[in-house]
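Geometric and topological summary
So you can see what is in the structure, the chains are spelled out below.
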Amino acid sequence: VNRLERKTEIVNQVLKNNAADWEETFYQLLAKNFGMKVNGEAFFELAKSLPIKILSKHKNNLMQLEALLIGQSGLLNEIFGDIYAVQLQREYQYLQHKHSLQPIQKKYWKMARMRPQNFPPLRLAQFTALIHQASHLFSKIIDAENLKLVLQLFQATPSNYWQTHYRLDLSSNKSLKKIGKSTIENIVINTIIPVLFAYGKYKQNDALQAKAIEWLEQLNPEQNTIILGWKKFNIIPQNAADSQALIELKNEFCDQKKCTECLIGMKLMQQNV
């Protein structure tokens, strides 16, 4: 709960910057999560530069959505030999003029020492597919009766071009590059549940806050270096609520040496007296 409360403050700040527009706020935070730690800020800046209202106008045209998102990222500012990449460039030039858009700088994106499935162009294509396939995503998540329905909303597969590409102008072996299960669960844990919890507080709706915690308890625990550290002490999280609690404990108490503010720390110190 401490972790959700702290994340609520972050959501509220973005909400304030968006004049209390929850759809725009959710879209921006979702984009940031798609970029993960390495390119999260680049995705966030991209989303802020391209309002969801503009994307909604082109929602039924997948190629136009790709042109908008990839073009606005600055990753189309190259000379391509690939026919599809050139088509995206032309489409973006038209849409850029139509909507008076200014792309973010390409330098924001990091690709060094990155697995191909995490390359920014592919992640942008997956994000595009999600927007194309799921309309009114925020409202559907708020109204969802169970977690299974939410997970199904993210079963998105990018256009055929990306089945043979990780990057523009560079072909690869054919594979179905849909959004993976672990990525979807990461999005639910780090974006959907915090926003749902924050929205519940904003609306003074205890049921929405309880649903956010309930969904956390239904998800598998995260696997990262912090959780591996806890496992060395035989502390094994059983679900994502446990792993989120352990991450919060490590980052906000252990690392900050707030032992006297922590019930566990206090007990350990009493044992050593």
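Residues numbered from 1 in each chain as written. Predicted model: local features only at pLDDT ≥ 70, side-chain atom pairs only at ≥ 80, totals over all residues. Heavy atoms only, no water.

Applying the stated rule across the entire model yields nine salt bridges. Across the pair Glu-248 and Arg-3 runs a salt bridge whose closest N-O atoms are separated by 2.9 Å. With Glu-248 in helix 13 (residues 240-254) and Arg-3 in helix 1 (residues 2-17), the pair connects residues that are 245 residues apart, well separated along the chain. A residue is classified by how much of its surface remains accessible, and Glu-248, at 6% relative accessible area, is buried. Measuring nitrogen to oxygen at the nearest pair gives 2.5 Å for the salt bridge that ties Glu-78 to Lys-106. In this pair, Glu-78 sits in the loop between helix 5 (62-72) and helix 6 (83-99) while Lys-106 sits in the loop between helix 6 and helix 7 (120-133), placing the two residues 28 residues apart along the sequence. Residue class for Glu-78 comes out partly exposed when judged on its relative accessible area of 35%. (Salt bridge = Lys/Arg side-chain N within 4 Å of Asp/Glu carboxyl O. Helix = DSSP H or I, 4+ residues; strand = E, 2+ residues; numbered from the N terminus. Buried < 20%, exposed > 50% of the residue type's maximum accessible area, 1.4 Å probe, protein only.)

Unfilled space is identified by rolling a water-sized probe across the atoms. Approximately 1,600 Å³ is the volume found for the largest pocket. Asn-33, Met-36, Lys-37, Asn-186 and Asn-190 are, among the 49 residues lining the largest pocket, the residues nearest its centre. Breaking the lining of the largest pocket down by element, the ones donating at least two residues are helix 1, helix 2 (22-34), helix 3 (36-49), helix 7, helix 10 (181-202), helix 12 (225-231) and helix 13. In terms of residue count, the dominant contributor to the lining of the largest pocket is helix 10 (10 residues). Computed from the structure, the second largest pocket encloses a volume of approximately 320 Å³. Together, 16 residues line the second largest pocket, and Glu-23, Ile-52, Ser-56, His-136 and Leu-137 are the ones closest to its centre. At the level of elements, helix 2, helix 4 (52-57), helix 7 and helix 8 (137-143) are the ones that each hand at least two residues to the lining of the second largest pocket. (1 Å grid on protein atoms, 1.4 Å probe; cavity = no way out; pocket = protein on both sides within 12 Å on 5 of 7 lines; lining within 4 Å. Points joined across faces, edges and corners; volume = space filled by probe spheres on them.)

Turning our attention to the side chain of Glu-248. At 2.8 Å, the side chain of Glu-248 and the side chain of Arg-6 are in polar contact. Those residues within four positions of Glu-248 in sequence are excluded, and the remaining contacts are Asn-2, Arg-3, Arg-6 and Phe-253. (Polar contact = N/O pair within 3.5 Å; in protein donor to acceptor, adjacent residues only side chain to side chain. Contact = heavy atoms within 4.5 Å.)

Here we come to the side chain of Gln-209. Relative to the assigned elements, Gln-209 resides in helix 11 (residues 206-218). We classify Gln-209 as buried; its relative accessible area is 15%. Not counting residues within four places of it along the chain, the set of residues in contact with Gln-209 comprises Phe-197, Gly-200 and Lys-201.

Going through the model one piece at a time under the given rule, you end up with 12 aromatic pairs. Between Tyr-27 and Phe-127 the ring centres are 6.1 Å apart and the planes differ by 15 degrees, which places this aromatic pair in the stacked class. Here Tyr-27, found in helix 2, pairs with Phe-127, found in helix 7; they are 100 residues apart in sequence, far enough to count as distant. For the pair shown, Tyr-27 and Phe-127 are each scored as buried. Judged by centre distance (6.5 Å) and plane angle (35 degrees), the rings of Phe-34 and Phe-43 are tilted. (Phe/Tyr/Trp six-rings, centres within 6.5 Å; stacked < 30°, edge-to-face > 60°.)

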